[in-house]
Amino acid sequence: MIARVHDLRTGGHTVDRSDERTEQPQRLRGGGVRLGVTTAVVVAALSVVAPFLAGSEGPAGVVWWPAAGAALALAVRRPARRWWCVAGTLVGALAASKLPGGVGDGATVLASAQALQCGVGAAVVSVLGRGESASSRTGLRLRRGRDAWRLTAGALAGVSAAALLLQTSESGSAVAYALSQLLGILLVAPLMLMPRPPRAGTGDHRARAAISEWLLVLILSAVVSAAVLHRGAVGPWSFLVVLPILWGAARLGVGRALSCQLVVAVIATAGAGVHPAGGQGPVALQALLFTSGAVALVMSLVVRSRERAVVTASRREEVFRRTFDDALLGVALLRLRPDGSAVVARVNDRLQSMLGVEVEVGSDWAEQVHPDQRGTFVAAVAEMADEVVAGRNAHWHAELQHGDGEVWLELAAAAWPTPGENGPGEVGAVVQVADVTQRRLVQRRLREAALHDPLTGLPNRTLLEDRLRHALSAAHRSGNHVALLYCDLDDFKPVNDTGGHAAGDHVLIGVAERLAAAVRPGDTVARLGGDEFAVVCPDLPDEAAAAAVAERVVAAMTDPFPVAGWEFKVGISVGLAMADLDQDAARVLQQADAAMYEAKGSGKGRVRSAGPVARTIDLRHAGA
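Here is what the cut-offs are and how they apply
- Residues numbered from 1 in each chain as written.
- Predicted model: local features only at pLDDT ≥ 70, side-chain atom pairs only at ≥ 80, totals over all residues.
- Heavy atoms only, no water.
- Helix = DSSP H or I, 4+ residues; strand = E, 2+ residues; numbered from the N terminus.
- Buried < 20%, exposed > 50% of the residue type's maximum accessible area, 1.4 Å probe, protein only.
- Contact = heavy atoms within 4.5 Å.
- Phe/Tyr/Trp six-rings, centres within 6.5 Å; stacked < 30°, edge-to-face > 60°.
- Lys NZ or Arg CZ within 6 Å of the ring centre and 35° of its normal.
- Core = buried A, V, L, I, M, F, W, Y, C linked by side-chain atoms within 4.5 Å.
- Axes fitted to C-alpha atoms, helices over the stretch in contact; angles between N-to-C directions.
- Parallel < 35°, antiparallel > 145°, perpendicular 65-115°, else oblique.
- Left-handed = near helix turned anticlockwise from the far one by under 90°.
- Polar contact = N/O pair within 3.5 Å; in protein donor to acceptor, adjacent residues only side chain to side chain.
- pLDDT = per-residue confidence, 0-100.
- Patch = residues over 30% accessible without salt bridge, like charges linked within 9 Å, V, L, I, M, F, W, Y side chains within 5 Å.
- Areas by Shrake-Rupley, 256 points an atom, 1.4 Å probe, with all protein chains shown as cover.
- Salt bridge = Lys/Arg side-chain N within 4 Å of Asp/Glu carboxyl O.
- Arc of directions from axis to C-beta.
- Pairing = 2+ DSSP bridges.
- Expected span 1.5 Å × (residues − 1).
- 1 Å grid on protein atoms, 1.4 Å probe; cavity = no way out; pocket = protein on both sides within 12 Å on 5 of 7 lines; lining within 4 Å.
- Points joined across faces, edges and corners; volume = space filled by probe spheres on them.
- Nonpolar A, V, L, I, M, F, W, Y, C, P; charged D, E, K, R; others polar.

J.: Can you walk me through the overall build of the protein in this structure?
T.: Secondary structure summary: the protein contains 19 helices and 13 strands in total. Looking at the protein residue by residue over its 624 residues, the buried ones come to 43%. Sequence-distant contacts, at least 24 apart, represent 65% of the contacts inside the protein between residues at least 6 apart.

Structural data, given as structure tokens:
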């Protein structure tokens, strides 16, 4: 079964993957051979032309040795194949020594020294770049300052090893060899390690202007170096060659600045062999070229690094601007001050649309807050400012009314210190704002639905019990009395039987209105369910005052209720319970309920008082 599934996935044919497993190593070996051959050809060619470029013969007597820079650059560009570059360097140096004009005595030692130099330098660069996964895979490119330091460390290590070999074999001056090799690496290797620049469009005027400026600096470098460094002679005006190089480093980039430096070196060292190898001419010239080359490399890398930082900052600013302006929530940037003021620095369009007014930059955000809540906002701002100044994180979340109170806003603020010119600056804050007016309306409706009767709008049993508990608590402090009237309608069933439930609902609504009109302003009328109602009467001096309220309740039901052409005569029976100071709400309700049933059992339209001695008041003819 497994074989069949495999055949289905491969189209019914057997797939031989041995070629795929060996394809990558073959490509690696093939690329290594090509790299080794390329290195050998480049090293041999530069060794042959070195006498024409630097005016001397052999890597130990020349002012700068270009093959050293080329070999190291090729090796660090392909760290996985650097040993092919080492072999190519050895072969190229030996081949150059066999050509006419090549080094005779000590050729093998010099070639071995150059190969050792290439291998050690590339290995050191590779080791220093192990922490950077991208560099270890793709090789070194001079993008940042630490890339230049890695190249410098590798060059110093490689040249030191080669110089030690020469010193041991007594095949020439190790110091002269080291100086020429280091200068060759400085002049050539960075040019070969520049990252590939992005391809500019044909209509890019700035790219064409940069090329024109580069050509101008090249010509100026050539003219100045030819004038002040003729045949390698270093004089009091030789420092002038640094000026066009610095111009290129500041404006043209690393590669073009170093190309100007290379032009200066070629013109200055061509024919420099007229000076003795150990004389002051080559040493002074090497010092000048070292100084100008190092300054150009470091300065151009610093300038490019700052330019990249500016570009990165501008891109982040653009991302922030788009995020800020296109946010679905209202967003504001504020400057918080210890006095509680929050100065508006920036707002997005969504926030202004939400508020319905234009928020001016420089205004105080407290002006957008309802006067009743402005003090809370000012205190929160002052507290956040103090928290940030003390070095702690500051956050605030609240819901506030805006303007005249019709709009509710949910604010989430986070504050942080902003840097100033001479130390810490003001406290900045970003505030996210959401319109929660509809949500609060829904919440209020839900609360009302949970605590009020949907038909009459009166409080339900839950809210009644809460009001009764509060009244009992207040009575315990004030010494006044609390009464509860438990009411049940008389003759309500015929209303539903005659007019239906719609007529019954109209009567219940009318009963609620009459009850609310009959009681005192501070009393609470509630519907308990069906045709049962209750009234909480707080702050009563005695039971007689409660009985007076009950009489008005019964009298309010004297007139019939007109509904759709009918008139329904509905009465009410009331159970009256006077609460003791030590009673709870449930006990008072129970007593009033029992009193109501006693009143209803003794007749209609009566008030029954609960207590040690029950008393019934007949109010059926109170309205007569």
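After presenting the structure, the write-up continues.
J.: How should the packing of aromatic side chains be read in this particular structure?
T.: The description of an aromatic ring pair rests on the distance of the ring centres and on the angle between the ring planes. The final tally for this structure, using the stated rule, is three aromatic pairs. Here Trp 566 and Phe 568 contribute two aromatic rings whose centre-to-centre distance is 6.1 Å and whose plane-to-plane angle is 50°, an arrangement assigned as tilted. Looking at Trp 566, the relative accessible area reads 40%, which means it is partly exposed. Seen from the ring of Trp 408, Arg 440 lies directly overhead, with NZ or CZ sitting 3.5 Å from the centre. For Arg 514, the ring lying beneath its charged end belongs to Phe 561, and the centroid distance is 3.7 Å.

J.: So what exactly am I meant to see when it comes to the nonpolar core here?
T.: Soluble globular proteins: nonpolar side chains tend toward being buried together. Membership of the largest hydrophobic core comes to 56 residues, with the highest contact counts inside it found for Leu 229, Val 241 and Leu 297. Once residues within four sequence positions are removed from consideration, Val 241 is found in contact with Val 224, Ser 225, Val 228, Leu 229, Val 264 and Leu 288.

J.: It is not clear to me how the packing of helix α5 (residues 107–128) against helix α8 (residues 174–192) should be interpreted in this structure. Could you clarify?
T.: Each pair of packed helices gets described by two things: the angle between the helix axes and the distance between those axes. Interaxial distance between α5 and α8 falls to 13 Å at its minimum, and their mutual angle equals 50°. The angle between α5 and α8 places the two elements in the oblique class. In the crossing of α5 with α8, the sense of the turn from one axis to the other is right-handed. In contact with Ala 113, Gln 114 and Gln 117 of α5, α8 contributes Tyr 177, Gln 181 and Ile 185.

J.: It is not clear to me how the side chain of His 402 should be interpreted in this structure. Could you clarify?
T.: Turning to its location among the elements, His 402 is positioned in strand β3 (residues 394–402). In this structure His 402 comes out as buried when scored by relative accessible area, which is 8%. There is a polar contact of 2.7 Å between the side chain of His 402 and the backbone oxygen of Gln 368. Setting aside chain neighbours within four positions, we find His 402 in contact with Leu 355, Val 357, Gln 368, His 370, Val 407 and Leu 409.

J.: Looking at this structure, I do not really get the confidence of the model for the protein. What am I missing?
T.: Chain-level statistics for the protein give a pLDDT mean of 81 and a share of 84% at 70 or above. This stretch, residues 1–29, has a pLDDT under 50; its non-local contacts, to residues over four places away or in other chains, come to six contacts. Segment residues 618–624: pLDDT under 50, and 13 contacts once partners within four positions in sequence are set aside and those in other chains are kept.

J.: Help me understand the environment of Pro 244 in this model?
T.: Inspection of the secondary structure assignment puts Pro 244 in helix α10 (residues 242–251). With relative accessibility at 4%, the residue Pro 244 sits in the buried group. With 17 residues separating them along the chain, Pro 244 and Gln 261 place their C-alpha atoms 9.0 Å apart. Dropping the residues within four chain positions of it, Pro 244 is found in contact with Val 217, Leu 220 and Ser 221.

J.: Sorry, what's going on with a nonpolar patch on the surface here?
T.: On the surface, a cluster of nonpolar side chains totalling about 350 Å² of accessible area is made up of Val 33, Val 37, Val 41 and Trp 84. Examined against the element boundaries, Trp 84 turns out to sit in helix α4 (residues 82–98).

J.: Would you explain α10 in this entry?
T.: For an α-helix the count is 3.6 residues per turn, leaving residues at separations of three or four pointing the same way. Turning to α10, its buried residues number three or more, namely Val 242, Pro 244, Ile 245, Gly 248 and Ala 249. What you see down the axis of α10 is that its buried residues fit within an arc of 165°, all on one side.

J.: Looking at this structure, how should I read the pairing of strand β2 (residues 342–347)?
T.: Two faces belong to every sheet, and in a regular strand the side chains alternate between them. In this sheet, β2 lies alongside strand β1 (residues 330–336) in antiparallel orientation, the contact comprising five bridges. What sits directly across from Leu 333, in β2, is Arg 346.

J.: When you look at helix α19 (residues 585–601) in this model, what are you seeing that I'm missing?
T.: With 17 residues, α19 should reach 24 Å at 1.5 Å per residue; the first-to-last C-alpha distance of 24 Å fits that figure. Among all positions in α19, only Ala 585, Val 588, Leu 589, Ala 592, Ala 595, Met 596 and Ala 599 are buried. Buried residues of α19, seen end-on, are gathered within an arc of 130° and therefore sit on one face of the element. Every exposed residue of α19 that faces more than 90 degrees away from the buried side is listed here: Ala 586, Gln 590, Tyr 597 and Gly 601. Looking at the buried side of α19, the elements it contacts are α16 (461–478), β6 (481–490), β8 (532–540), β11 (571–579) and β12 (606–609). Trailing α19 by a residue or two, Gly 603 shows a phi angle of about 140°, which is positive.

J.: Mind showing me how you'd approach the side chain of Gln 261 here?
T.: As for its position among the elements, Gln 261 is in helix α11 (residues 254–269). Apart from the residues lying within four places of it in its own chain, the contact partners of Gln 261 are Leu 187, Ile 245, Leu 289, Ser 292 and Gly 293.

J.: Is there a simple way to explain the layout of surface pockets in this structure?
T.: One simple way to see leftover space: roll a probe sized like a water molecule over the atoms. Roughly 390 Å³ of volume is contained in the second largest pocket. Every element with two or more residues in the lining of the second largest pocket is listed here: α7 (145–169), α8 and α12 (280–325). No other element matches α7, which puts seven residues into the lining of the second largest pocket. For the lining of the second largest pocket, a count of residues per class yields 15 nonpolar, two polar and no charged.

J.: Just checking my understanding: could you explain unusual backbone geometry for this structure?
T.: Trans peptide bonds make up most of the peptide bonds, and negative phi angles are found at most residues other than glycine. You will see that Asp 491, though not glycine, has its phi angle at about 60°, which is positive. Relative to the elements of secondary structure, Asp 491 occurs in the loop between β6 and α17 (493–518). Residue classification places Asp 491 among the partly exposed residues on the basis of a relative accessible area of 36%. Here Asp 539, not a glycine, exhibits a phi torsion of approximately 55°, which is positive.

J.: Looking at this structure, how should I read the pattern of salt bridges?
T.: Between side chains of opposite charge, pairing is possible as soon as their charged atoms come close. Under the counting rule described, the total for this entry stands at 20 salt bridges. Its salt-bridge partner being Asp 488, residue Lys 600 comes within 2.7 Å of it at the nearest N-O pair. Here the residue Lys 600 occupies a position in helix α19, and Asp 488 occupies one in strand β6, the gap between them amounting to 112 residues. What makes Lys 600 partly exposed here is its relative accessible area of 30%. Of the charged contacts, one joins Arg 520 and Asp 523 as a salt bridge, the two residues approaching to 2.8 Å between their closest N and O atoms. Since its relative accessible area comes to 25%, Arg 520 is described here as partly exposed. With relative accessibility at 10%, the residue Asp 523 sits in the buried group. A network of salt bridges, in which partner residues are shared, links Glu 317, Glu 318, Arg 321, Arg 322, Asp 325 and Arg 346.

J.: Sorry, what's going on with the pairing of β6 here?
T.: Across the ten residues of β6, nine count as buried, placing the element largely inside the fold. Both β6 and β8 contribute to a ladder of seven bridges, which runs antiparallel. Paired with Asp 488 across the bridge in β8 is Glu 532. Two strands pair when backbone bridges link them, and β6 and β11 are joined in this way by nine bridges, in the antiparallel orientation. Within the sheet, the bridge partner assigned to Asp 488 lies in β11 and is Ser 573.

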